[in-house]
Structure formats: C-alpha cells, structure tokens
Amino acid sequence: MTRLSRRDFLKTGAVSSVALLNGCQPLFGKAASKAHVVVVGGGFGGATAAKYIRYFDPNIRVTLIEPKAKYITCPASNWLFAGLATLDQLSVDYQGLKNYGIEVISDTVIQINSKQRSVTLSSQQSISYDRLVLSPGIDFRWDTLHGFNQELSQRFPHAWQAGPQTELLNQQLQAMPDNGTLLICAPPDPYRCPPGPYERASMMAFWLKQHKPRTKIIILDPKRSFSKQALFEAGWKQHYGYGSPNSLIEWVSLADNPLVSLDAERKTLTTEFGDHFRGDVLNIIPPQTAGKIAIDSGLGNSSGWCPIQPMSAESSLLPFIHVIGDAGHYSPIPKSAFAANSEAKVCALAIVNLLNQQAISTPNWLNTCYSLITPEHGISITNGYQVNAENGITAIKSAGGVSQKTDPASLALEAVYTQSAYYNLRSDCFD
Ligand SMILES: Cc1cc2nc3c(=O)[nH]c(=O)nc-3n(C[C@H](O)[C@H](O)[C@H](O)COP(=O)(O)OP(=O)(O)OC[C@H]3O[C@@H](n4cnc5c(N)ncnc54)[C@H](O)[C@@H]3O)c2cc1C
C-alpha cells in the first residue's frame, strides 16, 4: 500500500479534528459563561480535552482531576529497553494546563453520581458538573490465566502503564542470562496500542543484540496476525535474523491453542493442548477493559468498553458524560495516544457547542501509530475515520497507508518522524 503523507491527507478535504484547530480563536463564550466541565484523568485524552475546551471557550470553567502529580507517557516507554530514554524524560506535569486557567486537583474520583451530576473524590469532596469528560484509560482482567493474578504482576510485569513496572521489566531484561529466553505474552484485541508488544520486542532485541546476543525473545500471541506485521517482520529479518535458527525474535500465534495457565515457580506457561513455554523473564500483558471508574459507574457494556455516540463522544448509557481515549468504544479507531488526542478534540468542540446551544459539526478523526525497530528504522500506519450512515465509525477509504518496507532512506526518515511525532503530540496535549 502506498503511504499518503499527512499533508495529502489533509488536502483530501477529510478535515481531521487536528485540522479543526488551525487558526482557531475562541469560538464561543456567552451562553456557557457559567458552565463547569469536570475532566477525570489527566492522560493524553483528558489533558487534551481540558486544554481544548478552554481554548475553544475560555468562559467555561474546567477542572481536571488526576491523582498523579507527574504523568509518565506510555508512548516512547518501549525506548527504555533500547537505552534510548529514561522515565524521567517521559514525565510531564500539569503546569502547562494550569496556564490555560484549568484547575487541577490531585485526587482520585471514587464515584460518579450521574443523576446529581457530581463526582466524589477519595477525599470525600463532591464536585458538580454540567458536563463530565471521562478519560481513565485501561484496567486489566486478571482472571483469564490460571495461576496468574495482580500480585504476580509484580514478578511478571506487564509494563502496560508506564512507571515502576517499566523499570522492573527493564531490570529483568538486563539481568537475563546470556542464553536466556524472554516471553512476551501479547494481549487479545482490543487493547491499548496494537503495535506496542512488537515494538517492545524490537527495542529489547536492539539492546540484547549488543549485550546478550545468544538470548531469544518469544512473542506468544492469542491473535492470528498483528498490526504492521509485514513491516515488523521485514525489519526483524533485516536486523535480528528473523526466520533463521538464531533469530533474536520469534513470533508464535496461539490463536488455536491459547495459554491457559502459569506455573509461577517454574516460570512456565502452558497452552490448552499442553505445550509448555519456559522463560527467564515473563512479560505478561493481560487482556484489558475500560478503566475501573468507568466500569463501576455503569458506563461499560458487555464488551468491557464504554459505548459512545460518535458525534459528541457522549456515553450511550448515561447522559452528560463523555468518554474518550482508551476507555471508549471507538472501534475501528485503535486505542492510542494519538487517537485519544483526536477523540478529545472532537469531544471538546462538541461540549462547547452543546453548552452554547449550537449544532454539533460532523467530526473526523485521525490516527497515526509510529514504531521503532531500531533507532534508525521507523515504521508507521495512518488512517482517517468518519461517522457512517449507522451512526458508527468507519475508516475513510484511501485516507491512510503504511510506510515503505525496504527503502533505507525513507525508513530512517520514519525513525526521525517517530521521535518528533512523540514530542509534538505530548506538547499538543500537555503544554
Ligand atoms: C508500551 C506502550 C507504548 C505506547 N506507544 C504509543 C505510541 O507510540 N503512540 C500512541 O499514540 N500511543 C501509544 N500507546 C498508547 C497510549 O499510551 C494510550 O492509548 C493513551 O495513554 C490513552 O490515553 P488515555 O487518556 O485514554 O489514558 P491514560 O493515558 O492511561 O490516562 C488515564 C489517566 O486517568 C487517570 N485516572 C484513572 N482513573 C482515575 C480516577 N478514578 N480518577 C482520576 N483519575 C483517574 C490515570 O491516573 C491516568 O493518568 C502506547 C501504550 C503502551 C502501553
């Protein structure tokens, strides 16, 4: 597939939510002058929504509630395994958002009272809202692998929420025996960051190739295929001997023979038909659901994610509550920080329109997922999305594409884009 440049994409007239902001001055500001929007969760989705609501209409009072004083980004956290970043470099605080006049409260929402339109914090403080934006990210399902539980994730880290788990996994990687095996258990769809497990394997292989070249990474996958597979496999072949007996990376689809149990003492995983995989290090990434507060508040359905009305991001289940980011059911848009930023802008504009009693404009969304195979070899996939006739979301035909597979110059350029895309996105959300 030929890659469409982002400039070409914008030229198609499929106006992305990013493009909506170009040259944007405060759009509104009378009817909503007393309105109060509460945003729960200061990750990529929540931070963007808080900032852009104030940007679109500075008369709206915005309160962001987030327990962490510093947020560590999952994007770029795989770079840690290749020695390309530290967690400190991936940390952001909320000063940038405060500069927009957003009140930031360092606390956790423990209850949403949708009838009274208020939230209760762990401090027992109650805060009322006209509109609530919920962007709590993900939670994990601990009940799908016999012998594994939340406590054991301290020994077999998922590192799927950047922070101490990422450090722990990195320490385990570095302490691996020279001829050891590292198992990455990829999660089933849908999950946060579809290319993430494969970028992780690449970044780990980059480090192991230099320091412990006799080791092996085995990705145990419940899926038959994975995001950007052809690009990853071409890169692994080029750099890590993929497909040869000495390959640093092996990918095993367990779609017909899923993992069923863990023997924690023997560090061994067993499949339904009795195959065993033993590792020196186990990176078990569990199946995922919307963040706990969303599920506890009755915003999730049987899929474990929160259904929304695409035009406004408002929950299909409870009024005046908008769900964005990983927690929302935006399929086929993947769960990524880039998508959370796009969903947040659509949501921010819809809320400003609603509070000003104006019509909501029909949105488009944009997603790009970059991954590094080595520091000089980047790959990406881009797609635009639109509302369809059934009030669902569909990918816009021809408004996307993937990177070139082999041209070294273009792959090197993609690696530069990977890094600049990270800093640009982070800045758009938090600065
Ligand atoms: C290894 C890895 C690599 C990734 N790489 C990329 C990448 O390169 N590009 C990309 O686009 N995406 C990437 N992602 C995906 C990206 O991290 C997520 O899609 C993104 O963080 C989603 O944003 P969010 O706002 O929905 O959730 P989060 O970023 O998880 O933010 C949720 C916030 O809500 C807060 N919260 C939760 N519950 C409450 C509560 N009750 N009260 C108050 N606050 C609460 C949490 O503390 C958290 O700060 C990656 C993910 C992983 C795991």
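## Looking at the overall build of the chain
From N to C terminus, the chain includes 9 helices and 25 strands. Projecting the C-alpha coordinates of the chain onto the three principal axes gives extents of approximately 70 × 50 × 40 Å. Within the chain, the fraction of its 431 residues that count as buried is 58%. Within the chain, residue pairs in contact and separated by at least 24 positions form 67% of the contacts whose partners lie at least 6 positions apart. Counting only carbon and sulfur atoms, one obtains 50% of the accessible surface of the chain, whose full area is about 18000 Å². When the 36 positive and 34 negative side-chain charges of the chain are each reduced to one mean point, those points stand 4 Å apart.

## Brief notes about the pattern of salt bridges
Tallying each qualifying case throughout the model produces 14 salt bridges. Measuring nitrogen to oxygen at the nearest pair gives 2.9 Å for the salt bridge that ties Asp-221 to Lys-223. Accessibility expressed as a relative area gives 0% for Asp-221, which makes it buried. Looking at Lys-223, the relative accessible area reads 8%, which means it is buried. Among the salt bridges present, the one from Arg-266 reaches Asp-263, with a minimum N-O distance of 3.1 Å. Three or more residues are tied together by salt bridges with common partners; here these are Lys-51, Lys-345 and Asp-428.

## Observations regarding the packing of aromatic side chains
Under the criterion given, the structure shown has 18 aromatic pairs. Consider the rings of Trp-142 and Phe-148, whose centres lie 5.9 Å apart with planes at 50 degrees: the pair is tilted. The two residues Trp-142 and Phe-148 agree in class, both being buried. The ring of Phe-320 is capped by Arg-117, whose NZ or CZ atom sits 3.5 Å from the centre of that ring. One residue, Lys-335, lies across the ring of Trp-305, its end atom 3.9 Å from the ring centre.

## Let's talk about the domain arrangement of the chain
Examined at the domain level, the chain breaks down into domain 1 (6-139 + 288-430) and domain 2 (146-284). A C-alpha centroid distance of 29 Å is found between domain 1 and domain 2. Surface buried jointly by domain 1 and domain 2 totals about 3000 Å² across both partners, of which 65% is contributed by carbon and sulfur atoms. The largest per-residue losses of area from domain 1 upon contact with domain 2 belong to Asn-78, Phe-81 and Ile-373, which jointly make up 25% of the total buried on that side. Remark: the boundary between domain 1 and domain 2 carries 1 salt bridge.

## Remarks on the packing of helix α2 (residues 44-56) against helix α8 (residues 337-355)
Contact geometry of α2 with α8 gives a least axis separation of 8 Å together with a crossing angle of 35 degrees. Classified by chirality, the crossing of α8 by α2 is right-handed. Contact residues: Phe-44, Gly-45, Thr-48, Ala-49, Tyr-52, Ile-53 and Phe-56 in α2; Ala-337, Ala-340, Asn-341, Ala-344, Lys-345, Ala-348, Leu-349, Ile-351 and Val-352 in α8. Of the residues belonging to the contact of α2 with α8, the class tally is 12 nonpolar, 3 polar and 1 charged.

## Considerations on the site of the ligand
In the vicinity of the ligand there are 34 residues, among which Glu-66, Tyr-71, Arg-192, Asp-326 and Phe-338 approach most closely. At 2.9 Å from an oxygen atom of the ligand is found a side-chain nitrogen or oxygen belonging to Ser-135. A distance of 2.8 Å separates an oxygen atom of the ligand from a polar side-chain atom of Asp-326. In the complex, the protein chains occlude 91% of the 1000 Å² of accessible area that the ligand would expose alone. Elements supplying a minimum of two residues to the shell around the ligand: α2 and α8. Top element by residues in the shell around the ligand is α8. It accounts for 3 residues. Of the residues that constitute the shell around the ligand, the class distribution is 16 nonpolar, 11 polar and 7 charged.

## What about the nonpolar core?
Counting 129 residues, the largest nonpolar core has Ile-112, Val-119, Ile-219, Leu-220, Trp-236, Leu-262 and Leu-269 as the members making the most contacts within it. Per-element accounting of this core gives the leading share, 12 residues, to α8. Here this core spans two domains, and each of domain 1 (6-139 + 288-430) and domain 2 (146-284) adds at least three residues to it. For Trp-236, the residues in contact, after removing those within four places along its chain, are Tyr-198, Ala-201, Ser-202, Ile-219, Phe-226, Gly-241, Tyr-242, Ile-249, Trp-251 and Ile-373.

## Some points on the pairing of strand β11 (residues 181-185)
Of all 5 residues making up β11, 5 are buried, and the element is well covered by its neighbours. Of the two faces of β11, the one carrying Thr-181, Leu-183 and Cys-185 and the one carrying Leu-182 and Ile-184 are both buried. Where β11 lies against strand β12 (residues 216-221), 5 bridges are found, and the strand directions are parallel. Considered in β12, the bridge of Thr-181 is made with Lys-216. Taken together, β11, helix α5 (residues 196-211) and β12 form a β-α-β motif whose crossover is right-handed.

Cut-offs and rules
Numbers given for residues are sequential positions, taken from 1 along each chain in its written order. Confidence filtering applies because this is a predicted model: local features only for residues at pLDDT of at least 70, side-chain atom pairs given and counted only at 80 or more, and all residues used for totals across whole chains, interfaces and linings. To get the side-chain values, take all heavy atoms of the structure and skip hydrogens and water. The numbering of helices and of strands both runs from the N terminus, where a helix is a DSSP run of H or I of at least 4 residues and a strand a run of E of at least 2. Working definition: with a 1.4 Å probe on protein chains only, accessible area under 20% of the residue-type maximum means buried, over 50% means exposed, and in between means partly exposed. Contact criterion: two residues are considered in contact whenever any of their non-hydrogen atoms come within 4.5 Å of each other. Computed by Shrake-Rupley with a 1.4 Å probe, the accessible areas treat only the displayed protein chains as cover when residues are assessed. Only four residue types enter the tally: Lys and Arg on the positive side, Asp and Glu on the negative side; His and the chain ends are excluded. Lys charges are placed at NZ, Arg charges at CZ, Asp charges at CG and Glu charges at CD. Every case where a carboxyl oxygen of Asp or Glu lies within 4 Å of a side-chain nitrogen of Lys or Arg is listed as a salt bridge. The criterion for an aromatic pair is that two Phe, Tyr or Trp rings (for Trp, the six-membered ring) have centres within 6.5 Å, with stacked assigned to planes under 30 degrees apart, edge-to-face to planes over 60 apart and tilted to the rest. Both a distance and an angle decide whether a charge sits over a ring: NZ of Lys or CZ of Arg must be within 6 Å of the ring centre and within 35 degrees of the ring normal. Here the bounds of each domain stem from an automatic or database domain assignment. Take the accessible area each of two parts loses on contact, using a 1.4 Å probe, and add the two losses: that sum is the buried area. Every axis in this analysis is a line fitted to C-alpha atoms, fitted for helices over the stretch in contact. Angles between the N-to-C directions lie between 0 and 180 degrees. Rotating anticlockwise by less than a right angle from the far helix to the near helix defines a left-handed crossing, while the corresponding clockwise rotation defines a right-handed one. Here the nonpolar group is Ala, Val, Leu, Ile, Met, Phe, Trp, Tyr, Cys and Pro; Asp, Glu, Lys and Arg are the charged ones; every other residue, Gly included, is treated as polar. Nearness of a residue to a molecule or strand requires only that one of the residue's heavy atoms be within 4 Å of it. Pairs of N or O atoms within 3.5 Å make up the polar contacts considered here, provided that, within protein, one atom can donate a hydrogen while the other can accept it, and that residues adjacent in sequence are counted only when both atoms are side-chain atoms. We define a nonpolar core as any set of buried Ala, Val, Leu, Ile, Met, Phe, Trp, Tyr and Cys residues linked to one another through side-chain atoms lying within 4.5 Å. Pairing between two strands is assigned when DSSP locates at least 2 bridges connecting them. Handedness of a crossover: with both strands directed away from the viewer, a clockwise path from the first strand across the helix to the second marks it as right-handed.

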